[in-house]
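Inside the fold
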Amino acid sequence: MKKILFFFVSMIFIACERESVPQTDVIDETAGGSDLSFSIENREVRPVILGKQKNNPYSVENMLLALDTLRAYANAVGDEELQSNAGIRAGTLETLSINTTDLYVRFLPQDSIGYAALKSDSTLELFNYPLDYEIVQAGDYYYDPTVGDNVYTWLYAVVKPCYQPPQGVVYEVPEELFIIENSEGYTEETISEEEVQIKSNKNSPKAVIDDNLRKALVATSFVLTGNGGELRTDCPVSTDTLQFRRTVTSCSRKCILWGRVCWTTCDYKYYPEGYIRVNTPSGDVGLKGVKVRTTRWFHTITMRTNSSGYYQSPNDYYDDILILNTPHYEIIFDGANGGNSWTLSKALFGAICLWTNSYGAGYHSPNGHSMTFYTNSDYWGKAVLNNAVYDYIDYATTDGISLPPSSLDIANKQSSDLTSSAPLLKNHIDWALIYASPFWGTVATVVGYSLFGWSFPDLILRYNKTLSDYNKITATCWHELTHASQLRRMKSEKGFLWASDYWSHVVLQEASNYEKTGGSYGNKGDTNWQIIALAEGWANYREWDLARRYLNYNIYGENSETHVPYYFDDYSTSIAIFYGGMFDRLVTLGCSFVNIEKSLCAYSIGAFRNNLTGKYPNRQQRITEIIQPYE
């Protein structure tokens, strides 16, 4: 049993085998010019280090205290002075009621099933660190020391009062919140005295919360809770004309409580924007399709970069009152391109996906922040892999082959060995162990899926921090994604069970070959050699072709006359690379990528040939002549 379990884990690792100094960067003026912050990211992975817990100014308790304080002040100075000093009226304060608008909650998953349930909830924006603590060091992960041996740590979020947590997940509500912007009837506009009286007479206290009242209440609560240093004190003058920022037209200084609570308010709002880039041999390129998250207390803005690495917030914004509490920026490697999504995950044993990689970029301007990953950063390789996935989806669409499964979990790790694999364990039923040992294999399969099923990887990818290996890292990723496309094509053409059986044979045979010889592919004539030749030959061909077309890079070296890799004609090198030559000849003949991919729904080379000639009856003889030497 122990050997079978070891074999189960080892299969995840089975490989598709493969035999810098930062430059000065110029801030892109279109990314915000001098008003935006910019950084070159070259640090190692590091933890979030927390400071002291802050007194939460948004708690219902503290907001009630702030309201009572404002009411007492209004009674002392009268309505006229209150209106003059803060633009609010005593009648508004008297009718205002404060109720819970949101809940600050935390979850503790007990296993991968609970974690997957939280991840799949699109209403949750999860943080692995608490939002009401000082952050002494911005980092990439935080593990609460109080959780003991639990694999997962507390996850924090803001939810609505009616939220129902997933079953089997520990759930707590540290505080109830009153976030005035989320209250019923709040308006950004200033309500006139007549409107206040009309709405108050209708007994609709929530409908008289205007922006002046919000700022006075927030400022008072911040001062009373010891967070007054986060309030704006200056009166900026700006000539910014960026699309999503408003020019300052006027600023005014407000003071109440006999000068104890002061803030500056301007006709100005901050819509974060910027560029996230990664350094490559051909210069800096955009980090594509990743999430950029900015957070200030319980206000989060989530954006996604486009193909140029540009992100923007056209709808949500930070206003000026708390500008000295600059937002915290994170890059979350949760990628998307069209209908496809993927996560780059931190991994246990290098293969069991636990949680999504995220990069803590620190505190920066609410206008936005631009940054570039260089090879001294531990996240440079993750950025390269992310872009390889994003680009592959575009290239697969162009070439007409199947897209990978719509959601991929990618275990990634820095390594001097760029070994990779495509177990695709979340996208098929893996019968490999049962084939290997019917009784113990069944037991091991059940145990494995129950323990790790929601954490199994689809792809296992490696990277290093060497700029000269950029092309190799990218091309290797494309190789594994070709396998993912092939499996999805098989599922659509032949059904889920057929595809599962086929890919289980691939995984089992490569694992068995590796255990016996140290190489995954084996030789012609070995058990299941034909499915290895077809699957790996196709992936090697596509890897070579995509790298040649889009990177101007030949992964195998080429014949100067034919421009075809020597290894396509040299069986002694590798069965998988040698069979790439068969696909190259078929494409040269005029067989399309999509018809070749469809024809690969075959357990033998002869069956592949029959499938392909069925699609090209007029080329049957020539296709047979090309394939016959490979049978």
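Counting from 1, residues in each chain are numbered in the order their sequence is written. Residues qualify for local features only when their pLDDT is at least 70, as the model is predicted, and side-chain atom pairs are given and counted only at 80 or more; totals for whole chains, interfaces and linings, by contrast, use all residues. Note: side-chain values were computed over all heavy atoms of the structure, leaving out hydrogens and water.

Next up on the list: the side chain of Ser221. Counting through the fold element by element, Ser221 comes out in helix α7 (residues 211-224). Note on classification: 1.4 Å probe, protein chains only; a residue is buried when its accessible area is under 20% of the maximum for its type, exposed when over 50%, partly exposed between these limits. For Ser221, a relative accessible area of 1% corresponds to the buried category. Residue contacts follow a heavy-atom distance rule, with two residues in contact if any of their heavy atoms lie within 4.5 Å. Excluding anything up to four places from it in sequence, Ser221 contacts Pro57, Asn62, Met63 and Ala66. By definition, any uninterrupted DSSP run of H or I lasting at least four residues is a helix, any uninterrupted run of E lasting at least two residues is a strand, and each is numbered from the N terminus.

Between any two strands, pairing holds if DSSP finds at least two bridges. The sheet built from 4 strands is open, its strands ordered β13-β12-β16-β20 with antiparallel pairing. Each edge of the open sheet is held by one strand with a lone partner, namely β13 (299-304) and β20 (358-363). Sheet twist, expressed as the mean angle between neighbouring strand axes with direction ignored, is 20°. When strand β12 (residues 291-296) meets β13, the two strands line up antiparallel, connected through 6 bridges. Paired with Thr294 across the strands is Ile301, a residue of β13. Fitted lines through C-alpha atoms give the axes, limited to the stretch in contact for helices. The angle between two N-to-C directions lies from 0 to 180 degrees.

All right, on to the pairing of β12 then. Most of β12 is tucked away, with 6 of its 6 residues classed as buried. Here β12 shows two buried faces, one formed by Lys291, Arg293 and Thr295 and the other by Val292, Thr294 and Arg296. Here β12 folds back onto β13 in antiparallel fashion, the turn holding 2 residues, of which Trp297 has a positive phi close to 55°.

What follows deals with the pattern of salt bridges. In what follows, salt bridge is the name for a side-chain nitrogen of Lys or Arg lying within 4 Å of a carboxyl oxygen of Asp or Glu. Scanning all chains against the criterion turns up 22 salt bridges. Arg293 is paired through a salt bridge with Glu330; the nearest N and O atoms lie 2.9 Å apart. Of this pair, Arg293 sits in strand β12 while Glu330 sits in strand β16 (residues 328-332), and the two are 37 residues apart along the sequence. We note that Arg293, like Glu330, is buried. Three or more residues joined by partner-sharing salt bridges are found here, namely Asp399, Arg542, Asp545, Arg548 and Arg549.

Quick look at the state of the cysteines now. Here, two cysteine sulfur atoms that lie within 2.5 Å of each other are counted as a disulfide. By the definition in use, this model includes 1 disulfide. Put simply, Cys255 and Cys262 are joined by a disulfide, and their sulfur atoms are 2.1 Å apart. One quick way to see it: the torsion about the S-S bond of Cys255 and Cys262 is about 115°, and its sign makes the bridge right-handed. The exposure class assigned to Cys255 is partly exposed, which follows from its relative accessible area of 28%. Classification of Cys262 by relative accessible area gives buried; the value is 17%.

In this structure, Trp258 is a non-glycine residue whose phi angle is positive, near 55°. Its location among the elements puts Trp258 in the loop between β7 (251-256) and β8 (261-266). Positive phi outside glycine occurs at Asn552, with the angle close to 55°. With respect to the helices and strands, the residue Asn552 is situated in the loop between α13 (529-550) and α14 (575-589). Classification of Asn552 by relative accessible area gives exposed; the value is 74%.

Okay, the packing of aromatic side chains next. Stacked, tilted and edge-to-face pairs are distinguished by plane angle, under 30 degrees for stacked and over 60 for edge-to-face with tilted covering the rest, among Phe, Tyr and Trp rings (Trp via its six-membered ring) whose centres lie within 6.5 Å. By the definition in use, this model includes 34 aromatic pairs. An aromatic cluster of three or more residues is present, and its members are Tyr58, Tyr104, Tyr156, Phe222, Trp297 and Phe298. One cation-aromatic arrangement involves Lys54 over Trp297; the distance from NZ or CZ to the ring centre is 4.2 Å. The criterion is that NZ of a Lys, or CZ of an Arg, lies within 6 Å of the ring centre and within 35 degrees of the ring normal, and then a charge sits over that ring. For the cation-ring pair, Lys382 lies above Tyr379, with the distance from its terminal atom to the ring centre recorded as 5.5 Å.

Worth remembering: the numbers are spatial, not functional.
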